[in-house]
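Residue-level structure breakdown
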Amino acid sequence: MLKNNIISKKALLYPLLMLAAMWLGFFLQMQGFFQSCFGAIIPLLPEGLLGIITSPLLHGNMEHIVGNSIPIAVLMFLLYQFYPLVANKVFITGWLATGFLVWLLPPIDIMTGDYLYTCTIGASGVVYVLAFFLFFSGVFKWNMKLLTISLLVVLYYGSLIWGMLPEELFSNLQEPSKISWQAHLAGGIVGVILALLFKKVGDKKKKFIWEFPNYYSEKDDKLWQQYKENHPEDFMELPYKKKDDIWERLDELRGK
């Protein structure tokens, strides 16, 4: 699955840089450099625009940052290893587009319709961009190597789909959930759009030469003539014989 069995340096370096930035941001938070909602996305308010850039580097507590660090590392590795031609565009565009969508979404309590003053931080939106891009890109390209990556993403991160829905729909909460389903939803949407935009870039489904309409091979033609001379009985019984058997014998001749 790896090209020439070589792991890309970027596939190792960039996830480490992202993790370093996230943990540095968390350390600065703990030291009081990011207080209140400074650096967070505050929907529809000008002071929340800075969060489009900085919010993925900030986290509420240790559990929050650890929970985002593992999928960020894994998904960024897969992105830069298997989609090197578009990895930077997907990562940067996904980061900014997701943050902007979260800023545009009105912070309304879906149960009461009340306006909520929310501060959104965390890298989960980026996680959703990467997961949805990796899954749908493999499907759109219909390449077996990339489809394998899609299946791995579904296997380990398939439950992410539930995070795109408000938690209030599944449990009786006394107060609004602190989990930003808006960031998850925005990230998923952006990931799918990016997979569509870049579906013709990089690895695609391989088309073998004999699949083209005007394909002709002199070698295959000679093999076919040789087969007809050596096995005339097959053509006498052709209406009653499975064609697959003939092609299997031709494949055997090709192997010789």
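Residues numbered from 1 in each chain as written. Predicted model: local features only at pLDDT ≥ 70, side-chain atom pairs only at ≥ 80, totals over all residues. Heavy atoms only, no water.

The name recorded for the protein chain in an unreviewed UniProt entry is Rhomboid family intramembrane serine protease, from Chryseobacterium mucoviscidosis. In its Subcellular location (unreviewed entry) section, UniProt records this for the protein chain: "Membrane". (UniProt positions renumbered as here; feature names shortened; annotations may be inferred.)

Attention now goes to the overall build of the protein chain. Assigned secondary structure in the protein chain consists of 10 helices and 0 strands. Ordering the α and β elements of the protein chain from the N terminus gives α-α-α-α-α-α-α-α-α-α. Considering the protein chain as a whole, with its 256 residues, one finds that 37% of them fall into the buried category. Accessible area for the protein chain stands at about 16000 Å²; split by element, carbon and sulfur atoms hold 64% of it. (Helix = DSSP H or I, 4+ residues; strand = E, 2+ residues; numbered from the N terminus. Buried < 20%, exposed > 50% of the residue type's maximum accessible area, 1.4 Å probe, protein only. Areas by Shrake-Rupley, 256 points an atom, 1.4 Å probe, with all protein chains shown as cover.)

All right, on to the UniProt feature "transmembrane region" (unreviewed entry) in the protein chain then. Feature annotation in UniProt places "transmembrane region" (unreviewed entry) on residues 12-45, 65-83, 90-109, 115-139, 146-165 and 181-198, given in this structure's numbering. Between the end C-alpha atoms of residues 12-45 there is a gap of 37 Å, over a span that is 56% helix and 0% strand.

So, about the side chain of His 184. Looking at where His 184 falls in the secondary structure, it is placed in helix H7 (residues 181-197). Its relative accessible area of 9% is what places His 184 among the buried residues. When neighbours within four sequence positions are excluded, His 184 is seen to be in contact with Ser 124, Tyr 128, Gly 163, Met 164 and Ile 179. (Contact = heavy atoms within 4.5 Å.)

Moving on, we come to the packing of aromatic side chains. Applying the stated criterion across every chain yields a total of 10 aromatic pairs. An angle of 85° between the planes, with centres 4.9 Å apart, marks the rings of Phe 135 and Phe 136 as edge-to-face. When its relative accessible area of 24% is taken as the criterion, Phe 135 is described as partly exposed. By relative accessible area, Phe 136 is classed as partly exposed at 23%. Here the aromatic cluster, defined as three or more aromatic residues joined through ring pairs, consists of Tyr 128, Phe 132, Phe 135, Phe 136 and Phe 140. (Phe/Tyr/Trp six-rings, centres within 6.5 Å; stacked < 30°, edge-to-face > 60°.)

This part takes up the nonpolar core. By size, the foremost hydrophobic cluster in this structure holds 39 residues, and its most contacted members are Ile 72, Leu 79, Phe 91 and Phe 133. Put simply, the parts of the chain that give this core at least two residues each are helix H1 (9-30), helix H3 (62-82), helix H4 (87-104), helix H5 (124-141), helix H6 (144-157) and H7. In terms of residue count, the dominant contributor to this core is H5 (9 residues). Excluding residues within four positions of it along the chain, Leu 79 makes contact with Pro 84, Ala 87, Val 90, Phe 91, Leu 130, Phe 133 and Leu 134. Membership of the second largest hydrophobic core comes to 6 residues, among which are Ile 52, Val 102, Trp 103 and Ala 183. (Core = buried A, V, L, I, M, F, W, Y, C linked by side-chain atoms within 4.5 Å.)

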